[in-house]
Every structure is written in structure tokens, then in C-alpha cells.
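Secondary and tertiary structure notes
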Amino acid sequence: MSFGPWSAIRTSLQHLSSVVWLLVDTVQEMADRMVRGRLPFRLSIFFEQTDRTGVGSIGLVSLVSFFIGLTMALLTGYQLQTFGQERMVPGLVAISFTRELGPLMTGIMVAARIGAAYTAELGTMVVSEEVEAIESMGIGPLRFLVGPRVLAVLLLLPCLVVVSNFTAMVGAALISRWAFDIPIRRFVDASLESMLVRDIIAGTVKSCLFGLIIGIVACYKGLSVRGGAAGVGAATTQSVVTAITVVIAFDTLSNIVLVSLFNP
């Protein structure tokens, strides 16, 4: 008989193994298709998903990042102004967003917006037996349904992180000019001087990892739906919560690894 903590750990490991095997099976289906000299999925489906993931998320990512950058510069600037160090605001905001807040906040927003949509779509297809119909026609459901979605999030999340970093810096520059009398040109120069190549690489690697996590978790939750419409709703909620939790957990692990390697 299993008790609470051990049962939760066992369930988590079962879900983790299922997600890994879903990713492995999807890659295998796509590779088998490419070995035969054919595309793993239609490009029109892939471009449709990239449009939803990338172009459709620009507004939300830009707006949220702008206000977070503005608020961060304002609050930290007032604290640093006490010591006469408000000139450190550009570097602080630039490093924070490039290395940490940009990938993390973008991943959370994409998980809430796109991950929920993917889970709801695939869950509805499972409930209405459309996935079984696709499989009965000899079409690999994983490379047809999962492949384009995961690849779209994986490739587009780094692009959204660039948008997030840029709009956050715009907000920080504007509030710094108004509140601390830091010229825009000086703000830009100080930001570029403070950033290192490893900060940009760390943010890019994180964003790719987060994109893979969000895409595969959303598809797994959608394909494992049971129980009709109520099951779709429950799976969508679980998808968002799980994706955000795992993204934050992997972000923490990534920071530990980076600090151990580079010892900044």
C-alpha cells in the first residue's frame, strides 16, 4: 500500500517516462519519414503553428516585458539612488533580462497561451476519436500532430525572448530617462558594455530548453485526455501548471550549472 509522498514520486516518475517516450517516438516517426526521402509533416501545418506561437504571442510578450522592465528599473533605481549608484541600472536590467527574466517570463507566457491551446486541441481530437481516425489512415499521429507543434515552440521561443529583452530594455530606458536623468544613448552603451557573450548564450540555451518542455508537456497532456469535455478542461489546467512548474525548476537547475561552470 502506497502513501502520499511515495505515491506522488512514483506518479511523477511515470509521467516523466511517458513524456520522454513520447518525445523519442515522435523523433523516430519523423526520422523514418525523412529516411524515405519525404518531409516528416506538411510545411503548411508547421508554418501555421509558427504563426500562432510566434506572431500571435508578440503582443502579449512585448506588453508584459515592457512593464516588467519599466518597473524593475524604477524600483532598483530608487534603491541604488540612495547610494548614488543609479548609473548601474542599465547593466542590472540588461543582464537580468538577457540571462534570466527574458527566457523565464517568455516561457511562462507561452506555456499559458500556447501550451493550453495545444492541450485543448489534441484533447478534443482524442475525445472525438480524430486521432484514431488519423492512425487508421496510415498517418503517424505523432509526427503529424506532435512534431509541428513541438518544433514550432522550440524554434520560436528564442525569437520571442529577443522581443522580450528588447521591449524590456525600451521600458527601462524610458523610465531611467524620466526618473534618473540617464540619457537613452548612455543607457544603451552601459547595457551593451555590461552584457557578456555567455549571458546571451545562457539565455538562448534556456529558451530552447523551455520551448521543448512546453511543447512536449502540452502535447502529452492533450493526448492522454480521458473523460470527455471535463477531461479536456482538467488536462488543460494540468498542462499549464505542469509546464510552468517544470520550466521554473529547470531554470533553477540551469542557473546552478551555469554558476558552477562560469563562477561569475
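If you're wondering where the values come from, they're calculated on a predicted model, not measured in any experiment.

Thresholds, definitions, all that
Numbering of residues starts from 1 in every chain and runs along the sequence as written. Per-residue local features of the predicted model are confined to residues with pLDDT of at least 70, and side-chain atom pairs are confined, for both listing and counting, to 80 or more; whole-chain, interface and lining totals are unaffected and use all residues. Hydrogens and waters are ignored; side-chain quantities use all the structure's heavy atoms. Per the convention used, a helix needs a DSSP run of H or I reaching at least four residues, while a strand needs a run of E reaching at least two, with both numbered from the N terminus. Remark: exposure states derive from per-residue accessible area (1.4 Å probe, protein chains only) relative to the maximum for the residue type, with buried under 20%, exposed over 50%, and partly exposed in between. The way it works is a 1 Å grid over only the protein atoms, where trapped points that fit a 1.4 Å probe form a cavity and open points with protein on both sides within 12 Å along at least five of seven lines form a pocket, and then any residue with an atom within 4 Å of a point lines it. Grid points are joined across faces, edges and corners, and a volume is the space filled by probe spheres set on the points. Ten residues, namely Ala, Val, Leu, Ile, Met, Phe, Trp, Tyr, Cys and Pro, are considered nonpolar, four, namely Asp, Glu, Lys and Arg, are considered charged, and the remaining ones, Gly among them, are considered polar. Whenever Lys or Arg places a side-chain nitrogen within 4 Å of a carboxyl oxygen from Asp or Glu, that contact is recorded as a salt bridge.

Okay, the environment of Arg 33 next. For Arg 33, the position within the fold is in helix α1 (residues 4-35). For Arg 33, a relative accessible area of 16% corresponds to the buried category.

Turning next to the layout of surface pockets. Empty space within the largest pocket amounts to approximately 490 Å³. Along the wall of the largest pocket there are 19 residues; nearest its centre are Leu 16, Val 19, Val 217, Val 246 and Phe 250. Among the secondary structure elements, those contributing two or more residues to the lining of the largest pocket are α1, α7 (197-223) and α8 (228-262). When its residues are assigned to classes, the lining of the largest pocket shows 14 nonpolar, 4 polar and 1 charged. The volume enclosed by the second largest pocket comes to roughly 380 Å³.

Another point: the pattern of salt bridges. A side chain with one charge may pair with a side chain of the opposite charge, provided their charged atoms come close. A full pass over the atoms with the stated rule returns 7 salt bridges. Put simply, Arg 99 and Asp 199 hold a salt bridge, and the shortest N to O gap is 3.3 Å. Of this pair, Arg 99 sits in helix α3 (residues 89-127) while Asp 199 sits in helix α7; the two residues are 100 residues apart in sequence, bridging distant segments of the chain. Of the two residues examined, Arg 99 and Asp 199, each falls in the buried class. Residues participating in the shared-partner salt-bridge network are Arg 52, Glu 121 and Arg 149.

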